[in-house]
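Coordinate analysis (summary)
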Amino acid sequence: MELDRDLVESCKEALLKKGADKAGCILVVQEKTEFTVNAGKLDLLRTTETGQLSLTAIRDQRKGSLTINDLSASAVETAIDETLGLAKISQPDEANDIAEGDSPKTFESGPSHPDLPLMQERLTDFLEHVKTHHPLAVLDQLIFDFTRSSRLFLNSKGVDLQEDKGLYALSTMFSSKKGKKSASFNYTGYESQNLEKPLDQCGSIHRLISENAKQIDTEVLDGKFQGTVLISPDCLTDFLGMFTGMLGDYPLISGTSPYKDSLGELIASPCLSLHSRPLDPEIATGSHITRDGYIAQNTSILDHGKLETFLLGLYGSKKTGLARSLNNGDCWIVDPGDQDFEDLLKGIDRGVLLGRFSGGNPNENGDFSGVAKNSFLIEKAAVGPALSETMISGNIRDMLKSIEGISKQRIHFGGAVLPWIAIGGLTISGK
Amino acid sequence: MIQASELRKSASFFHDYTELRVQQNKSVEIALVNGDVMRNAVNTTGGSSARVGGCGAWGFASAPEVGTKTFERIVERASRNAKVLAKGRKEGSLPETRTEGCFDYATEKERMGQKELLDFARGIDAYILKNFPNLQSRVVVLRNLDMEKSLLTSQGTEAYSLTPRSLIYVDMSLMSEGQPVNLFEGFGGLGQFEDQFTTPESLFEKLQIQYEHLVKKAEGVHATAGPKECILDADLAGILAHEAIGHTTEADFVLGGSVAAHYMDKEVASPMVSLVDFAHHAFGETCPIPVHVDDEGTPAEDTTIIENGILKSYMHNKESAAQFETAPTGNARAFLFSDEPLIRMRNTAILPGTSKLEDMIASIDDGYYLMRPGNGQADTTSEFMFAVVQGYEIKNGKLGKAIKDTTISGVAFDLLKTVTALSDEMKWVATGMCGKKQPIPVGMGGPAIKCTVNMGGR
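Calculation rules
Residues numbered from 1 in each chain as written. Chains lettered and ligands numbered in written order. Predicted model: local features only at pLDDT ≥ 70, side-chain atom pairs only at ≥ 80, totals over all residues. Heavy atoms only, no water. Pairing = 2+ DSSP bridges. Helix = DSSP H or I, 4+ residues; strand = E, 2+ residues; numbered from the N terminus. Contact = heavy atoms within 4.5 Å. Polar contact = N/O pair within 3.5 Å; in protein donor to acceptor, adjacent residues only side chain to side chain. Buried area = accessible area lost by both parts, 1.4 Å probe. Salt bridge = Lys/Arg side-chain N within 4 Å of Asp/Glu carboxyl O. Nonpolar A, V, L, I, M, F, W, Y, C, P; charged D, E, K, R; others polar. Phe/Tyr/Trp six-rings, centres within 6.5 Å; stacked < 30°, edge-to-face > 60°. Lys NZ or Arg CZ within 6 Å of the ring centre and 35° of its normal. Buried < 20%, exposed > 50% of the residue type's maximum accessible area, 1.4 Å probe, protein only. Core = buried A, V, L, I, M, F, W, Y, C linked by side-chain atoms within 4.5 Å.

This part covers the sheet that holds strand β12 (residues 303-307) of chain B. Residue and element names in this part refer to chain B. Taken in spatial order, the six strands of this open sheet run β13-β12-β9-β16-β23-β22, and their pairing is mixed. Whereas interior strands pair on both sides, the edge strands pair on one side only; in this sheet they are β13 (310-311) and β22 (427-436). As paired strands, β22 and strand β23 (residues 438-446) are joined by eight bridges and run antiparallel to one another. For V429, the partnering residue across the bridge sits in β23 and is M444.

Moving on: the environment of T18 of chain B. Residues and elements named next belong to chain B. By the element assignment, T18 lies in strand β1 (residues 18-33). Sequence spacing of T18 and G297 is 279 residues, and the spatial spacing of their C-alpha atoms is 10 Å. Beyond its immediate sequence surroundings of up to four residues, T18 is in contact with R51, V52, V75, L152, T153 and S154. A polar contact is formed between the side chain of T18 and the backbone oxygen of D16, at a distance of 2.9 Å.

Contact with chain A, which involves 76 residues of that partner, is made by 82 residues of chain B. Together chain A and chain B conceal approximately 6,000 Å² of surface at their shared face, both sides included; 47% is due to carbon and sulfur atoms. On inspection of chain A and its partner chain B, the count reaches 10 salt bridges. Between D36 of chain B and K319 of chain A there is a salt bridge; the shortest N-O distance is 2.6 Å. The interface formed by chain A and chain B includes 37 residue pairs in polar contact (both at pLDDT 80 or more). At 12 residues, strand β2 (residues 41-59) of chain A tops the list of elements feeding residues into the side of chain A that touches chain B. Tallied by class, residues from the side of chain A that touches chain B come to 21 nonpolar, 34 polar and 21 charged. Strand direction decides the pairing type here: strand β3 (residues 62-68) of chain A and strand β2 (residues 36-54) of chain B, joined by four bridges, are parallel. Looking at the pairing, T67 of chain A lines up with N43 of chain B of β2 of chain B.

Moving on: the packing of aromatic side chains. In total, this model carries 19 aromatic pairs over all chains according to the counting rule given. Three or more aromatic residues joined by ring pairs make a cluster, and in this case those are Y127, F132, F204 and Y211 of chain B. Sitting above the plane of the F185 of chain A ring, R356 of chain A keeps its charged end 4.3 Å from the centroid. Sitting above the plane of the W58 of chain B ring, R51 of chain B keeps its charged end 3.7 Å from the centroid.

All names here are of chain A. Summarising burial for β3: five of the seven residues are buried, a large majority. In this sheet, β3 lies alongside β2 in antiparallel orientation, the contact comprising seven bridges. Considered in β3, the bridge of R59 is made with R62. Two successive antiparallel strands, β2 and β3, enclose a turn made up of two residues, where D60 displays a positive phi of approximately 50 degrees.

L230, F239, F243, L354 and I392 of chain A are the most contacted members of the largest nonpolar core, which has 58 residues in total. Leaving out residues up to four positions away in the same chain, I392 of chain A has contacts with V229, V352, L354, F357, F368, S369, G370, A372, L426, T427 and I428 of chain A. In this structure, A23 and I80 of chain A together with I30 and V181 of chain B belong to the second largest nonpolar core, which totals 56 residues.

Structure follows, in structure tokens:
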């Protein structure tokens, strides 16, 4: 499908002509080519075309939004009327607004078409690599795709931004089997604008599949203790998600964010710097345009432990009177620490090397608990047996202040660059 | 939308095993945060897809359009995709299934407009504001999803379905000792809004109960970590049935390393426990997510997974049924028009027993009554974790203080062996959404069960 600029222009004009004070339109067209491996066998090639038109109208500070994917003339005309109808019945809110822009810009990244023969070659080589080097591994599912997408943002306050992007993505879920015994499944992913690397060398795939074979036999921890948890880069994304979830529109508008009065304050260990950098050369997935239609910029969320920004959209910003985030708050990069991974391990008397965290969302106070999956006991500075039925509990706010060290080594996932982080004082409990 | 019979003329494009599906998902979402309309949106996603091939070499293609030319194009593209993978392979054939039917759960009442829906949400919000003024925040979300599908297969199935679901979520939060404490509740289930909800007033009593639980939770205590004798109320029994047992017995997970691969016809639970994935009706009523024909064209039938403690069956699509040399069970479901069917649960439930809940509580000296789950996850080993957002201590056979948010965990096949009582009340949870490459609405249910659980906490 092609990006139809005329369609978007005409929608914007029609919304204004029919009574909107402010109008915004976003058209996204996308084509995906996807190979799927199930139970170790490549068994599906899938191609999908999608187009999606989102319309927003604001009239007398009342807002309506509607999304369709039928782009026929009659469907679009109906959608325009329905969007205005939604705005009419909504309630006035001064915070309802659209982004402001100046000159038109187009951003391009990644290839325009997939290199299908090379995709197949990379995938075949990877399946062979797994057979040869990880004989106990079972690839429950692997999805390897290329997505070409084009997005056009137009609105009545001068926004005219287009982004054309091509991206390869790999995600895989796997476990290991020996006789009748199975390891807990694990999963990981990687994204890139090219196919330069063999898949086994991408992100943490090789390491995690290797570790998984050692997780077939597990031990149940006896009792409960306060210890250090060495969080792996894959698992770190879960905890960063819990933290950044407290900085968004809903918790700040409702006043339930524990950080609502903490902007500019030291809320984490000074050794932690967390950035959101969609435009960083190390990031393949970054968007040049925010969800509201602003040009995205790189920003720091935590600078040496100090809270630098909330992650508010335009509505949240207007509602709270706080500054809007300069990007979507994703594409995390954590600065490397000053210790080798092995040295971090040497500093831990008793704890857990946490491979995956299966836990509930933290409550509004930041308390969390969950199961340590794909994890190993650490005793006297050495990695011990794999664990089962072991729970970790703590509080996100306390965790950020209890960092004992950050590794020099980091994993490049394409959408994030993350190290290992050692955190002290967490409750680790077995049976 | 196009009816299945209207697809019939496109059968001439089929040369191999083929499924042609036309689908539209229409969703409405209204969200009020402290009375402000944060979301007032409608989303319609529709189009057509074709899947061609089978047994290890599938091709799939979709387009956001509907019509004979589109059908011809996507069938041809799906065929090409299948051929890319089929080179040099010979992996057997798929079982034959064929059925016809129209399964329409649309309301016969006059439809409400978006303004009336918004007013409904406002009515709930106004009641909360007036009656519970000490809340720190309140969220009211109204969410409807209509999934409408027409399917034609080369084996001769022609089926149309409209499966709507209408839900209202309410989240209340108050401050306790300077910290926020919240409790959410979901209402609704199968049917369009008019069939699920009459007036905001019909929910007021439930909101009052939710608020009272919240106040007790704010004054509550932390659970003590470690194994405890517990009563899992129906909501938690349902998520246990779905997450911890159900997923391990989906045939694709069995092939992918699930521990259940070695348990067929073996004792995996107390003989009191039977677990069924219901297709469309159970206990004389329609299930929360009725599936009459799956997205491969197989008539959907109940799957008895555990019968009196013995593992009896896995859930199958056509391909896994061929591999296991059994019949497909009608569990192949797709979420969007552009999604391929995957093996998914439908309405998974532990069957009720004969005990009374109050007797079960009275039989515990030191334990917990766990009422409502948050999110949950489970493993191919059946090790699970569920957040618990509402529960009470049990001391000397009586309910005690409320507990704050906690987590429970364990190995489900081990837990089911500790079951010593099942209540005689069956309750469905109709708000479930399962994630497995694609999201999909599911039903979960069960009675209250008495068992030993590993509590998180402090």
